[in-house]
Structures are given as C-alpha cells and as structure tokens.
Amino acid sequence: MLRATAWYFLAALAEIGGCYAFYAWLRLGRSPLWTLPGLASLLVFAWALTRVEAAAAGRIFAAYGGIYIFASLAWLWLVEGQRPDRFDLAGVALCLVGSGVILLGPRP
C-alpha cells in the first residue's frame, strides 16, 4: 500500500505540474517553452500510474482521484498561496476515504 501511495503522489505531482505549465502559458502569458517541461511531466504522470498494482486500470484511475484532489489542494496552498478552507478539507477527506474503499475493498 505504501508503494502504491508513493506512485500516486508522484503521478499527481507530475500531472498538476504538467497541466500548470500549460496554464502558465495560456492563462498567465508565460512563454510557450513552458509546454516542453509540461509535456515531459505529463509523460511521467502516465508512466507513474502504470506502476500501481491492481487488477483493472479503471480501479487504479478511480482510486487516484482522491490523491489527485489532495495534491491539488496542496498545490493551491503551497504554490498559489491560497489556504484551503473547511469545505476543501471536508471534500478531500471524503475523496480519500472513497479512494481507500475503491483500492482496498475486498474483491472476489
């Protein structure tokens, strides 16, 4: 489980970083060159998700959603300087519980 969590967090950081590079270019007026590391980061994201062990890709992607939401709120706070509010925290708690149920639930 610890290994899967580490892969999920790497995937989330890579996805958010890659998407932010495009956001910086298209919405913040940064150079189009920002897309080059952004594309590399998105490749790392896709690769990292394939490292998680599960019987079905859809289950991996579904469980990843909670980690992604958590990482997005951390990005909001640490990179963008906006502290998550109580509704953000309640929402991410629900999502993390849901991710745990999806990933760790007993399967026949």
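Scroll up for the structure.
For clarity, every value in this text was computed on a predicted model and none was experimentally measured.

Reading guide: rules and limits
Residues numbered from 1 in each chain as written. Predicted model: local features only at pLDDT ≥ 70, side-chain atom pairs only at ≥ 80, totals over all residues. Heavy atoms only, no water. Helix = DSSP H or I, 4+ residues; strand = E, 2+ residues; numbered from the N terminus. Buried < 20%, exposed > 50% of the residue type's maximum accessible area, 1.4 Å probe, protein only. Contact = heavy atoms within 4.5 Å. Areas by Shrake-Rupley, 256 points an atom, 1.4 Å probe, with all protein chains shown as cover. Lys, Arg positive; Asp, Glu negative; His and termini not counted. Charge placed at Lys NZ, Arg CZ, Asp CG, Glu CD. Core = buried A, V, L, I, M, F, W, Y, C linked by side-chain atoms within 4.5 Å. Expected span 1.5 Å × (residues − 1). Bend = angle between axes of the 7 residues up to and from the residue. Arc of directions from axis to C-beta. Polar contact = N/O pair within 3.5 Å; in protein donor to acceptor, adjacent residues only side chain to side chain.

Caption draft 1: Main features of the overall build of the protein chain. The secondary structure content of the protein chain amounts to 4 helices and 0 strands. Starting at the N terminus, the α and β elements of the protein chain follow one another as α-α-α-α. The C-alpha extent of the protein chain, read off along each of the three principal axes, is 50 × 35 × 20 Å. Classification of the 108 residues of the protein chain by burial places 29% in the buried group. Of the contacts made within the protein chain by residues no fewer than 6 positions apart, 65% connect residues no fewer than 24 positions apart. With the model as given, the accessible surface of the protein chain reaches about 7,100 Å², and the carbon-plus-sulfur share is 70%. Within the protein chain, one finds 8 positive and 5 negative side-chain charges whose respective centroids are separated by 4 Å.

Caption draft 2: Spatial organisation of the nonpolar core. Within the largest apolar cluster, 17 residues are counted, with the highest numbers of intra-cluster contacts made by Tyr8, Ala11, Phe45, Leu49 and Tyr64. Within the residue set of this core, elements represented by two or more residues are helix H1 (2-27), helix H2 (35-49) and helix H3 (57-78). Here Tyr64 is in contact with Tyr8, Ala11, Ala12, Glu15, Phe45 and Leu49, once residues within four sequence places are set aside.

Caption draft 3: Inspection of H3 at higher detail. Compared with an ideal rise of 1.5 Å per residue, which puts 22 residues at 32 Å, H3 spans 30 Å between its outermost C-alpha atoms and is within 8% of the ideal. The largest bend in H3 amounts to roughly 30 degrees and is located at Gly65. When H3 is considered as a whole, its buried residues turn out to be Ile60, Ala63, Tyr64, Gly66, Ile67, Ala71, Leu73, Trp75 and Leu76. Elements that come into contact with the buried residues of H3 comprise H1, H2 and helix H4 (86-104).

Caption draft 4: Focus on H4. Taking 1.5 Å per residue as the helical rise, H4 with its 19 residues ought to reach 27 Å, and the 27 Å between its terminal C-alpha atoms agrees with that figure. Looking at H4, one finds that the buried residues are Val92, Ser99 and Leu103. All buried residues of H4 lie within an arc of 20 degrees about the axis, which places them on one face of the element. Across H4 from its buried face, at more than 90 degrees, point the exposed residues Arg86, Phe87, Leu94, Val97 and Val101. Along its buried surface, H4 packs onto H1 and H3. Between a side-chain oxygen at the N-terminus of H4 and the backbone nitrogen of Phe87 the separation is 3.0 Å; the capping residue is Asp85.

Caption draft 5: Broad picture of the side chain of Ser99. On the secondary structure map, Ser99 appears in helix H4. A relative accessible area of 8% places Ser99 in the buried class. Apart from residues no more than four positions distant in its own chain, Ser99 is found in contact with Ala62, Ala63, Gly65, Gly66 and Ile67.

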